[in-house]
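Descriptive structure summary
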Amino acid sequence: MGYLKDRLEKAAKETGENPPSWVSEKNASGAAWKCVEELRREKELFIRRHRTSTDFSIKKHYQIKGSEVARTLGMNRSALMNTSSFSGDLAQYIEAVNSELEKAKNEKLKRAQSPTPGGMHRSKKEDLIERVRLAEHRYDELKMRLEEPLNEIYDELPLPIKKKLGIA
């Protein structure tokens, strides 16, 4: 059991879950910081699992609000975000986390907009339709280019060869 505790502590140190200087276990700031970190993980998971802009139309799915933290902790929002000694620092921290989440969302959407290297099965329907349309157009162009020289070659072939080939 000690081994597992050591591994857990080591993993916590590696993930960088060191609380900021304004966090204290004497007041609600420690619980609020932990709650913000848990909500951050949930929002990052949401961002990783969704890829269309319509998935991100509602901000509460990928942004953290002070009222959400207060509700989770069972506290009054104004007491947590306005009147406590750590309120300003907590608000700045939530704002910084939200800006990181916004960047992650924008990067995810940017990657989703560009064609994926995973092949056709991961492409959007509109992209596939456009690819087929371009391929058909290119095929028609190549067919027109090759038709004249082939007709000339067929015309110059002697009759016995045309019969053997089944052309005449």
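Residues numbered from 1 in each chain as written. Predicted model: local features only at pLDDT ≥ 70, side-chain atom pairs only at ≥ 80, totals over all residues. Heavy atoms only, no water.

Some words on helix α3 (residues 66–73)
- Turning to α3, its buried residues number three or more, namely Gly66, Glu68, Val69 and Ala70.
- The inward-facing, buried residues of α3 contact α2 (29–49), α4 (77–83) and α5 (87–113).
- A positive backbone phi angle near 75 degrees is found at Gly74, which sits one or two residues after α3. (Buried < 20%, exposed > 50% of the residue type's maximum accessible area, 1.4 Å probe, protein only. Helix = DSSP H or I, 4+ residues; strand = E, 2+ residues; numbered from the N terminus. Contact = heavy atoms within 4.5 Å.)

Comments concerning helix α6 (residues 125–156)
- Helix length check: α6, at 32 residues, gives a terminal C-alpha distance of 47 Å against a target of 46 Å (1.5 Å per residue), a fit within 8%.
- Roughly 30 degrees is the biggest bend found in α6, and it falls at Glu147, with proline Pro149 one to four residues downstream. (Expected span 1.5 Å × (residues − 1). Bend = angle between axes of the 7 residues up to and from the residue.)

Details of the packing of α2 against α5
- Axis separation between α2 and α5 bottoms out at 10 Å; the angle between their running directions is 10 degrees. Taken as axis vectors, α2 and α5 run roughly parallel relative to one another. Contacts between α2 and α5 pair Ala32, Trp33, Val36, Glu37, Arg40, Lys43, Glu44, Ile47 and Arg48 from the former with Leu90, Tyr93, Ile94, Val97, Glu100, Leu101, Ala104, Lys105 and Lys108 from the latter.
- Class assignment for the residues of the contact of α2 with α5 results in 10 nonpolar, no polar and eight charged. (Axes fitted to C-alpha atoms, helices over the stretch in contact; angles between N-to-C directions. Parallel < 35°, antiparallel > 145°, perpendicular 65-115°, else oblique. Nonpolar A, V, L, I, M, F, W, Y, C, P; charged D, E, K, R; others polar.)

With respect to a nonpolar patch on the surface
- Together, Leu146, Leu150, Ile153, Tyr154, Ile161, Leu165 and Ile167 make up an exposed nonpolar region whose accessible area comes to about 650 Å².
- Counting only elements with at least two residues in the nonpolar patch, the list comes to α6 and α7 (159–165).
- With four residues, the single largest contributor to the nonpolar patch is α6.
- Along the polypeptide, Leu165 turns up in helix α7.
- For Leu165, a relative accessible area of 56% corresponds to the exposed category. (Patch = residues over 30% accessible without salt bridge, like charges linked within 9 Å, V, L, I, M, F, W, Y side chains within 5 Å. Areas by Shrake-Rupley, 256 points an atom, 1.4 Å probe, with all protein chains shown as cover. Salt bridge = Lys/Arg side-chain N within 4 Å of Asp/Glu carboxyl O.)

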